[in-house]
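Report on the structure
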Amino acid sequence: MNKIRLSLDLEIYGDDTRDAFLLDEDKLTIEELIPRILLERKLFIDVTEESLLDEIKAAAEASSQMSDGIPIVVPGDSLVCNSDIVGGDNIDIGGSNGSTATKIDTFNKNRADLAKNVALALNETSLSLDFVSLLIASVKQNIGKSTMSPHLLKNIPLGSLSSDKLTKEEGASGNDGNKDGNTSKVGQGWKYEAVIKITKLFKEASVKLKQQVEKEEHYWKMINVVLADDEVLFKHGKTIGVKFGYGDAGSIYHDKGLAILRSDETTGHVTFTPVASLLNFRVANKTYKYIQVKILNKIDEEFMVTGISSFKKTFNSSRFQVVNDLEKARYFLFEEDLFYFLTREAKTLINYNVSIISNKIIFEIKDEIIEIEAVPFDEYYNNMDDIDLYQNINSYSSMHNEKCESILNYLKTMLCCFYKYNLSLKQKMPTLFTKWKQQNSHPLILRPLLGNIRHEIYITVIKKMLDELLLEFKDQLLEATLKLDKLTNLKTFTGNIFQRSIQKPVSEIVMTLKNKQEKWMKIHTELTTNEIFVPYVINLTIVKYSSESDLNQDFEGTNCLQLTVNSFEDVKESLQWSILDFVG
Amino acid sequence: MQQKSIAILQRIDTNVEQVLTKFQRIFELAVVEDKSKELLAVESLTMEADALSIIRLCEDLLSITRNLKETWCLGSIKVSDNKEQWKLKKELRKVYEQFNKLTDNIAEFETKQTV
């Protein structure tokens, strides 16, 4: 765009033509003049004597040119106008030499108009800029904000103006006669369309709802199947979960046995998904393991398997997969729980020939080894009919199968015993003591198992020893009896079915001897154990009586010996000495 | 009756009532007569809106049934028919003896083997 600078020299028009609004620059006071110069020149630094002289000279030249009727172009002057406006015919500056009043009037009028128009245009432009900015602000806030006027920005919230495109309705201007007919026809069309749309909506919705109802029905049927199986259901968020673990039965195992019953998106089919934690629904990915008991015996200087417990569970008792899955998860949770406590207990028994190697707990009892192993469950393998890999190799290989089963049953029963104990603690009034008990309880499984086996061995050993003693002193005694009383602790039934395994086994052997002086001696040997169940503890009591009636009535007996020993040798020595003293 | 039951019954009632009203209104609105174009346009849209809300109400009814089932499944306590058999001392004694026998079976055989 070209910019043309115009200079108006008012002097040439004379005083009477002066615009009342234009100030006479020569009559300005110094107070008015300085701001004006500042406005025009910006700085006084640029105003030098030479430049002013030049300017004056140039102005004089310009005025002489003006009088020649040539439009002036003076650089450095103040008035800057748009060429579009100025370039028009409406400003006719110095068109002729005759400076008539009408021409000047026209000029002034035009000039005032021009100024007004420029101001108007400026105003309009900024208004439309504001409008556009406000309009844009609803879409692009930052762009709008940067171009908006401060006033608008202050008073109008951004994005408060929006726009849309309106299309002009066609055929709106029909004559009145046709209008009614058209309207009803159009209306009919609309309604018809609406009815068709509604029909379609209803049809779709009915199909969808029907599917949903079917899905729901299937889902709840399955939930009901699970519920009918006496399972504990709980709600977690939007899903229904099932608690299949033994927590409520008294188990303190960390895995509480939680699963969610996931329903299929489309069919509503319920699948059983065990979860490790309810917080994040992390799916538990466990390898199912079952416990197998093996017995090995030393045959021909070599250990051979003589018995193995079988695993014949198939988990297909129900026709619903979800119930079968649940049963399976529950079964293996119990096995896992059991093996966890077995390994924990086995650690305390390491001093008694019990060792743990990876997934195996091994007991060594003289020439026999009992192995308890967690074997990974393989569905395919276990479904095969013949799993006699170890069995039937020779006649020995299955001779202890039944015993293995018994041991396995025993282990499981003892874990149940522990559950029962925990449950009874839970039912008690919660005190610090019961809490302490809960936290410090461990199941008694391996200790009584091993303890009972050992106890039988100890009884045999001590019986043999006493028999030998009797034989040794047979000639010096008039009479000698030996009475073995096994498990005297079980004589009174306390009501706890596990009495046999939670109480320390106690067996008694009573020997009565009569020497040649017709005196009597009663040797009471009590074989028991400590809280580990495995080592033996022998309480030896020897009482002397002067007559048989005293012996029978336990009257006026003399205590010769009363001691607790931990070694068979000590018992033997003590007895030998006592009997020797008695017969001597 | 529980507060929850009352709320559910009320919800069913209002839903059914609304379904019926809206369905009826669809038929009322379907009449063209001498209405203005604008009214006709609005009416046909209202019909569609009514249909949509009928669908929504039906879905809501389905969710009520789900709610009921859930409450029934989770809120009810099962009473087992099995009577406590363990209370009988005789029974208890029987189990006790069986358990002792099991323990014996495990322990006994050792003596034969090892000694």
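Residues numbered from 1 in each chain as written. Chains lettered and ligands numbered in written order. Predicted model: local features only at pLDDT ≥ 70, side-chain atom pairs only at ≥ 80, totals over all residues. Heavy atoms only, no water.

**Section: the overall build of chain B**
Note the following rule: The secondary structure listing takes helices from DSSP runs of H or I that are at least 4 residues long and strands from runs of E that are at least 2 residues long, numbered from the N terminus. We call a residue buried when its accessible area falls under 20% of the maximum for its residue type, exposed when it is over 50%, and partly exposed in between, using a 1.4 Å probe and counting protein chains only. Only heavy atoms matter for contacts: two residues are in contact if any of them lie within 4.5 Å across the pair. Using a 1.4 Å probe, the Shrake-Rupley method yields the accessible areas, and only the shown protein chains count as cover for residues.
Broken down by element type, chain B carries three helices and zero strands. Buried residues in chain B amount to 30% of all 115 residues. Across chain B, the fraction of contacts at a sequence separation of at least 24, relative to all contacts at a separation of at least 6, is 63%. When the accessible surface of chain B is summed, it comes to about 8100 Å², and 57% of that surface belongs to carbon and sulfur atoms.

**Some details on the pattern of salt bridges**
All names here are of chain A. Worth spelling out the cut-off: A pair is scored as a salt bridge if a Lys or Arg side-chain nitrogen falls within 4 Å of a carboxyl oxygen belonging to Asp or Glu.
Applying the stated criterion across every chain, the model contains 22 salt bridges over all chains. The salt bridge partner of K294 is E373, with a shortest N-O separation of 4.0 Å. A residue pair is termed long-range when its members are at least 10 positions apart, and K294 in strand 8 (residues 289-299) and E373 in strand 12 (residues 368-376) qualify at 79 residues.

**Quick word on the packing of aromatic side chains**
Residues and elements named next belong to chain A. Rule in force here: Each Phe, Tyr or Trp ring (for Trp, its six-membered ring) is paired with any other whose centre lies within 6.5 Å, and the angle between the two planes then decides the class: stacked below 30 degrees, edge-to-face above 60, tilted in between.
One pass over the full model with this rule turns up 22 aromatic pairs over all chains. Look at Y290 and F311: their rings are 3.9 Å apart centre to centre, the planes differ by 20°, and that puts the pair in the stacked class. Of this pair, Y290 sits in strand 8 while F311 sits in the loop between strand 9 (302-308) and helix 8 (321-348), and the two are 21 residues apart along the sequence. Each member of the pair, Y290 as well as F311, is classed as buried. When the ring of Y331 is compared with that of F332, the centres are 5.5 Å apart and the planes differ by 85°; the resulting orientation is edge-to-face.

**As for the interface of chain B and chain A**
To keep things clear, this is the line we draw: Buried area adds together the accessible area that both of two parts lose upon being put together, with accessible area traced by a 1.4 Å probe. Think of a polar contact as two N or O atoms within 3.5 Å of one another; within protein, one of them needs to be a possible hydrogen donor and the other a possible acceptor, and neighboring residues in sequence only count if both atoms come from side chains. Under the convention adopted here, Pro, Cys and the residues Ala, Val, Leu, Ile, Met, Phe, Trp and Tyr are nonpolar, Asp, Glu, Lys and Arg are charged, and Gly plus all remaining residues are polar.
With 49 residues of chain B in contact, the opposing surface of chain A contributes 57 residues. Of all residues in chain B, the largest losses of buried area upon contact with chain A belong to B:Y96, B:F99 and B:I106, amounting jointly to 14% of the total for that side. At the surface where chain B touches chain A, the tally comes to six salt bridges. Note that B:E48 and A:K197 form a salt bridge whose closest N and O atoms lie 3.1 Å from each other. Along the contact surface separating chain B from chain A lie nine residue pairs in polar contact (both at pLDDT 80 or more). Looking at the side of chain B that touches chain A, the elements that each hand over two or more residues are helix 1 (3-29), helix 2 (37-75) and helix 3 (89-114) of chain B. Looking at the side of chain B that touches chain A element by element, the count peaks at 20 residues for helix 2 of chain B. A per-class count over the side of chain B that touches chain A returns 27 nonpolar, eight polar and 14 charged.

**Regarding the sheet that holds strand 15 (residues 520-529) of chain A**
Residues and elements named next belong to chain A. Keep this limit in mind: Any two strands with at least two DSSP bridges between them are considered paired. A fitted line through C-alpha atoms serves as each axis, taken over the contacting stretch for helices, and the angle formed by two N-to-C directions is quoted from 0 to 180°.
Pairing in this open sheet of five strands is antiparallel, and the strands run 13-14-15-16-17 from one edge to the other. At either end of the open sheet lies a strand with only one pairing partner, and these are strand 13 (477-485) and strand 17 (558-565). For this sheet the average axis-to-axis angle between neighbouring strands, irrespective of direction, equals 10°. The strands touched by helix 12 (residues 446-472) are strand 13, strand 14 (507-515), strand 15 and strand 16 (536-545); relative to strand 14, the strand with the most contacts, the crossing angle is about 5°. Packed onto the sheet, helix 15 (residues 568-583) meets strand 13, strand 14, strand 15, strand 16 and strand 17 and runs at close to 5° relative to strand 16.

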